[in-house]
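Okay, here's what each chain looks like letter by letter:
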Amino acid sequence: MAQVRQLVQGARRGLLNLGGMAQVSVKQNRQQHSANSCGDYDLIVVGGGIVGAASAREILLRHPSLKVAILEKECKLAMHQSGNNSGVIHAGIYYKPGTLKARLCVEGMHLAYAYLDEHKIPYKKCGKLIVATDEKEVKLLEDLEQRGIANNVPDLRMIEGCEIQEIEPFCKGLKALHSPITGIVDWGLVTVHYGEDFKNAGGHIFLNYNVNKFTETADCSDYPVTIHGLKPGQTVRTKHVLTCGGLQSDLLAEKTGCPRDPRIVPFRGEYLLLTKEKQHMVNGNIYPVPDPRFPFLGVHFTPRMDGSIWLGPNAVLALKREGYTWGDINLVELFDALRYPGFVKMARKYIGFGLSEMSKSWFINLQMKALQKYIPDITEYDIKRGPAGVRAQAMDLDGNLVDDFVFDRGEGSGALAKRVLHCRNAPSPGATSSLAIAKMIADKIEKEFSIGKEC
């Protein structure tokens, strides 16, 4: 009888799973429109990452009479950077006071928390410690504190080494900067909510629409730009275009006559996972004092919404633009990166650093020293390989990492130059700042395309 009950329960679970799969399938089908039903639009946003979805949402909420659509090449939104990141809600500590990045991050953080509360999206305000382990780092930490204060980061405070363990009992350090307002969330889920807002406001989302080229529409002054997808019959006509292509942003810009520079060079960030038995050793985010050359690197202890703890990331050249493992290789894309003069200059300058990062990727135990610098009780038996993300790093011809917003338009007087705006770089922290960035982009769209006047 016990075996019969197990069989019945198993069958019941199977039916429930099938029902859940059917519901997901129906939802995805509702979201996806067929290629032949695209029609004509006032504005097309190319790219369904968090910046593209947030910008499309903001524009349509401001101008509900517009006909707006998102074209996304993958089968769902937030497939790449927006869905494969640390999940941190940043407070705005690191950025130079008075800069656009600093303003957008702090504004975006407040907007994000308000949005998460309004839409009942789960998050944790678990805080962050930026820990200094030697006197040199203490000086850098004091500079960071002044930046954070100047940027109006709420409740930021410097704590002594003895106070660190009141917040993180297993962490060691001389001093730390404590940001209690820093949090974590699933940014991929947030992007999906942006998309739902957009659709509820009347917007359309076309998935599996990989943009192949832009052309000027023949004999049509009302919708002068035609966007062609890779699949037969995928065409849509529009008055205006905004691209937010992330890892593909330079390639999209090139399709309308813009130069390839700054070039996107993909860097994969690989994380380790702390074993379940040691997850209790980390309460919130534990960050190193950043290296000014590579502020996004260093050993980070990052709690996740599912309870796991991510350690890392490192940074290695991805062998394709969307290459999440060493086995993901696209020779054309790889040679394109290796031949780029900017990458060659950067690689020569930091060859030792690059080789070190690659070694850590291949032999994860090499990261133990850096981990134990903050939590000495972690051993090699407490870590295992985890997920990875790919960073769309914009780089100029001199090998400098572009750390500012880059917008671009083609040259000339044709429709592709006058009616297509490319957001080629939206620097980190793009997810935290997404709602603030969306407001800035919407302002720019209104100005560049006189959208408010048309309404």
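Residues numbered from 1 in each chain as written. Predicted model: local features only at pLDDT ≥ 70, side-chain atom pairs only at ≥ 80, totals over all residues. Heavy atoms only, no water.

Comments concerning the overall build of the protein
Here is step 1 of the chain: Of regular secondary structure, the protein possesses 14 helices and 20 strands.
Here is step 2 of the chain: The C-alpha radius of gyration of the protein comes to 23 Å, within 12% of the 23 Å expected for a compact globule of 455 residues.
Here is step 3 of the chain: Buried residues in the protein amount to 51% of all 455 residues.
Here is step 4 of the chain: Counted over contacts in the protein with a minimum sequence separation of 6, partners at least 24 positions apart contribute 73%.
Here is step 5 of the chain: Total accessible area on the protein stands at roughly 21,000 Å², and carbon and sulfur atoms take up 53% of it. (Helix = DSSP H or I, 4+ residues; strand = E, 2+ residues; numbered from the N terminus. Rg over C-alpha atoms; globule rule 2.2 N^0.38 Å. Buried < 20%, exposed > 50% of the residue type's maximum accessible area, 1.4 Å probe, protein only. Contact = heavy atoms within 4.5 Å. Areas by Shrake-Rupley, 256 points an atom, 1.4 Å probe, with all protein chains shown as cover.)

A word on the sheet that holds strand β8 (residues 183-185)
Here is step 1 of the chain: Spatially, the three strands line up as an open sheet ordered β3-β8-β4, and their pairing is antiparallel. The sheet terminates laterally at β3 (88-89) and β4 (123-124), the two strands that pair on one side only.
Here is step 2 of the chain: Two elements, β3 and β8, share two bridges in a ladder whose sense is antiparallel. Looking at β8, one finds that Ile-89 is bridged to Gly-183. (Pairing = 2+ DSSP bridges.)

Description of the packing of aromatic side chains
Here is step 1 of the chain: As enumerated under the stated definition, the model contains seven aromatic pairs in all.
Here is step 2 of the chain: Measuring from ring centre to ring centre gives 5.2 Å for Tyr-113 and Tyr-123, while their planes differ by 55 degrees; the resulting arrangement is tilted. A residue pair is termed long-range when its members are at least 10 positions apart, and Tyr-113 in helix α3 (residues 100-118) and Tyr-123 in strand β4 qualify at ten residues.
Here is step 3 of the chain: Taking the centre distance of 5.7 Å and the plane angle of 45 degrees together, the rings of Trp-326 and Trp-362 count as tilted. Here Trp-326 is found in the loop between β17 (316-317) and α8 (331-339), whereas its partner Trp-362 is found in helix α10 (residues 351-362), with 36 residues between them in sequence.
Here is step 4 of the chain: Judged by its relative accessible area of 27%, Trp-326 falls in the partly exposed class.
Here is step 5 of the chain: Judged by relative accessible area, which is 43%, Trp-362 ranks as partly exposed.
Here is step 6 of the chain: Here Lys-128 stacks its cationic end above the ring of Tyr-287, 4.3 Å away from the centre of that ring. (Phe/Tyr/Trp six-rings, centres within 6.5 Å; stacked < 30°, edge-to-face > 60°. Lys NZ or Arg CZ within 6 Å of the ring centre and 35° of its normal.)

Some remarks on the nonpolar core
Here is step 1 of the chain: If you look at the biggest cluster of nonpolar residues, it comprises 62 residues, and the most contacted ones within it are Ile-93, Ile-130, Trp-187, Tyr-194, Leu-242, Ile-441 and Ile-445.
Here is step 2 of the chain: Ranked by the residues each element gives to this core, the list is headed by helix α13 (residues 434-449), at nine residues.
Here is step 3 of the chain: Apart from residues lying up to four places away in sequence, Ile-445 is in contact with Ile-59, Leu-242, Leu-421, Ser-450 and Ile-451.
Here is step 4 of the chain: Core analysis: the next-biggest nonpolar cluster, separate from the first, contains 22 residues, Val-131, Ala-176, Met-281 and Ile-309 among them. (Core = buried A, V, L, I, M, F, W, Y, C linked by side-chain atoms within 4.5 Å.)

Some points on unusual backbone geometry
Here is step 1 of the chain: Backbone torsion omega between Gly-312 and Pro-313 reads 5 degrees, so that peptide bond is classified as cis.
Here is step 2 of the chain: Tracing the backbone through its elements, the reader meets Pro-313 in the loop between β16 (309-312) and β17.
Here is step 3 of the chain: With an omega dihedral of 5 degrees, the bond running from Ser-428 to Pro-429 counts as a cis peptide bond.
Here is step 4 of the chain: Note that Pro-429 resides in the loop between β20 (420-425) and α13.
Here is step 5 of the chain: Here the phi dihedral of Asn-152 falls at roughly 65 degrees; this positive angle occurs in a residue that is not glycine.

Some details on the environment of Ser-179
Here is step 1 of the chain: Assignment of secondary structure puts Ser-179 in strand β7 (residues 175-179).
Here is step 2 of the chain: The buried category is assigned to Ser-179, whose relative accessible area is 1%.
Here is step 3 of the chain: The spatial distance from the C-alpha of Ser-179 to the C-alpha of Ile-164 is 12 Å, given a sequence separation of 15 residues.
Here is step 4 of the chain: Ser-179 has contacts with Ala-91, Ile-93, Gly-127, Lys-128 and Leu-156, leaving out every residue within four places of it along the chain.

Things to note about α13
Here is step 1 of the chain: Look at α13: 21 Å from first C-alpha to last across 16 residues, which is about the 22 Å you get at 1.5 Å a residue.
Here is step 2 of the chain: Taken residue by residue, α13 has Ser-434, Leu-435, Ala-436, Ile-437, Ala-438, Met-440, Ile-441, Ala-442, Ile-445 and Phe-449 as its buried positions. (Expected span 1.5 Å × (residues − 1).)

Considerations on the confidence of the model for the protein
Detailed reading of the predicted coordinates is not advisable wherever pLDDT falls low.
Here is step 1 of the chain: For the protein, per-residue confidence averages 90 on the pLDDT scale, and residues scoring 70 or more make up 90% of the total.
Here is step 2 of the chain: In this model, residues 1-37 is a region of pLDDT below 50 whose contacts with residues beyond four sequence positions or in other chains number 17 contacts. (pLDDT = per-residue confidence, 0-100.)

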